[in-house]
Amino acid sequence: QKEVEQNSGPLSVPEGAIASLNCTYSDRVSQSFFWYRQYSGKSPELIMSIYSNGDKEDGRFTAQLNKASQYVSLLIRDSQPSDSATYLCAVNNDMRFGAGTRLTVKP
Amino acid sequence: DAGVIQSPRHEVTEMGQEVTLRCKPISGHNSLFWYRQTMMRGLELLIYFNNNVPIDDSGMPEDRFSAKMPNASFSTLKIQPSEPRDSAVYFCASSTTKAFFGQGTRLTVV
């Protein structure tokens, strides 16, 4: 069974800090990686996708991929209380998710 | 585009009854996924289809669950008979290269 694992959390950071979310995966030939954000009572929404080793930046979000080490991370700079949500990592086109990490940004 | 449309949004049913959840994917998307989400187990992939063909149903919990995709614009997830432990939020998602989720169906089996 292909597995996707995330740091268990919950993670709490002060407003303005950098939040770091991590995800590891077991399928060495994985090619596609996604980060979703899910607010309480809502459906997951896609915030980042990454396919190549290295960093990909989109506004305050940076996804980092290291295929050799089989991990993908999400950095949120200048964290805001509105970033408080559960962040889910998904791998490959079969879209299996990790358990998610609950992030709380405290004002 | 209206996005992925799921119905009903909420379903309350008695144990032993049949439940059918419906999903209309985004037009042009060739993959469709069904998920179940609970506090204890997180977001579990139940089954996914590619071009209307079931590719992996290893996440379907037991024979009481079945899913169909008769055409590119419609899919159903059926539970028969339903049990209280089936209570969860069920999501449908569709994709080409990136997956987009419907609003979910909150199922309560009493």
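For the structure itself, look to the data block above.
Since this is a predicted model, take the numbers as computed values, not measurements.

Draft legend 1. Spotlight on the overall build of chain A. When helices and strands are counted, chain A shows zero helices and eleven strands. Taking 13 Å as the expected radius of gyration for a compact globule of 107 residues, we find that chain A reaches 13 Å, a close match to that expectation. Projected onto its principal axes, the C-alpha positions of chain A cover 40 × 30 × 20 Å. Restricting to contacts in chain A with at least 6 residues of sequence separation, those with at least 24 account for 52%. With the model as given, the accessible surface of chain A reaches about 5,100 Å², and the carbon-plus-sulfur share is 47%. For chain A, the centre of its 11 positive side-chain charges and the centre of its 11 negative side-chain charges are spaced 3 Å apart.

Draft legend 2. Fine view of the overall build of chain B. When you go through chain B residue by residue, the secondary structure sums to zero helices and eleven strands. Taken from N to C terminus, the helices and strands of chain B fall in the order β-β-β-β-β-β-β-β-β-β-β. Expected size for 110 residues packed as a compact globule is a radius of gyration near 13 Å; at 13 Å, chain B falls within 12% of this value. The principal-axis extent of the C-alpha atoms belonging to chain B is close to 35 × 25 × 25 Å. Residue burial in chain B is summarised as follows: out of 110 residues, 47% are buried. Within chain B, residue pairs in contact and separated by at least 24 positions form 52% of the contacts whose partners lie at least 6 positions apart. In the structure as shown, chain B presents an accessible area of about 5,600 Å², 49% of it carried by carbon and sulfur atoms. For chain B, the distance from the average site of its 11 positive side-chain charges to the average site of its 11 negative ones is 6 Å.

Draft legend 3. Representation of the interface of chain B and chain A. Counting residues at the interface gives 15 residues for chain B and 16 residues for chain A. Between chain B and chain A, roughly 1,300 Å² of surface is buried when both sides are summed, and carbon and sulfur atoms account for 54% of that area. It is Leu43, Lys98 and Phe101 of chain B that lose the most area in chain B upon contact with chain A, and together they represent 32% of the buried surface on that side. Taken together, chain B and chain A are joined by one salt bridge. A salt bridge links Asp56 of chain B to Arg96 of chain A; its shortest N-O distance comes to 2.3 Å. Connecting chain B to chain A are five residue pairs in polar contact (both at pLDDT 80 or more). Contributions of two or more residues to the side of chain B that touches chain A are made by strand 4 (31–38), strand 5 (42–50) and strand 10 (99–101) of chain B. For the side of chain B that touches chain A, the per-class residue count stands at eight nonpolar, five polar and two charged.

Draft legend 4. Representation of unusual backbone geometry within the structure. Residue and element names in this part refer to chain B. Note the cis peptide between Ser7 and Pro8, where omega equals -10 degrees. With respect to the helices and strands, the residue Pro8 is situated in the loop between strand 1 (5–7) and strand 2 (10–13). For the bond running from Gln80 to Pro81, omega is -10 degrees, close enough to zero to count as cis. If you trace the backbone, Pro81 turns up in the loop between strand 8 (74–79) and strand 9 (88–95). Of note in the backbone geometry, Asn52 takes a positive phi value of approximately 75 degrees without being a glycine. Counting through the fold element by element, Asn52 comes out in the loop between strand 5 and strand 6 (53–56). By relative accessible area, Asn52 is classed as partly exposed at 29%.

Draft legend 5. Spatial organisation of the nonpolar core. Ranked by internal contacts, the top residues of the largest apolar core, which has 23 residues, are Trp35, Val72, Leu74, Ile76 and Tyr87 of chain A. Excluding its chain neighbours within four sequence positions, the residues that come into contact with Ile76 of chain A are Ala17, Ile18, Ala19, Leu21, Arg60, Phe61, Asp83, Tyr87 and Leu103 of chain A. If you look at the next biggest cluster of nonpolar residues, it comprises 21 residues, including Phe49, Leu77, Ile79 and Cys92 of chain B.

Reading guide: rules and limits
- Residues numbered from 1 in each chain as written.
- Chains lettered and ligands numbered in written order.
- Predicted model: local features only at pLDDT ≥ 70, side-chain atom pairs only at ≥ 80, totals over all residues.
- Heavy atoms only, no water.
- Helix = DSSP H or I, 4+ residues; strand = E, 2+ residues; numbered from the N terminus.
- Rg over C-alpha atoms; globule rule 2.2 N^0.38 Å.
- Contact = heavy atoms within 4.5 Å.
- Areas by Shrake-Rupley, 256 points an atom, 1.4 Å probe, with all protein chains shown as cover.
- Lys, Arg positive; Asp, Glu negative; His and termini not counted.
- Charge placed at Lys NZ, Arg CZ, Asp CG, Glu CD.
- Buried < 20%, exposed > 50% of the residue type's maximum accessible area, 1.4 Å probe, protein only.
- Buried area = accessible area lost by both parts, 1.4 Å probe.
- Salt bridge = Lys/Arg side-chain N within 4 Å of Asp/Glu carboxyl O.
- Polar contact = N/O pair within 3.5 Å; in protein donor to acceptor, adjacent residues only side chain to side chain.
- Nonpolar A, V, L, I, M, F, W, Y, C, P; charged D, E, K, R; others polar.
- Core = buried A, V, L, I, M, F, W, Y, C linked by side-chain atoms within 4.5 Å.

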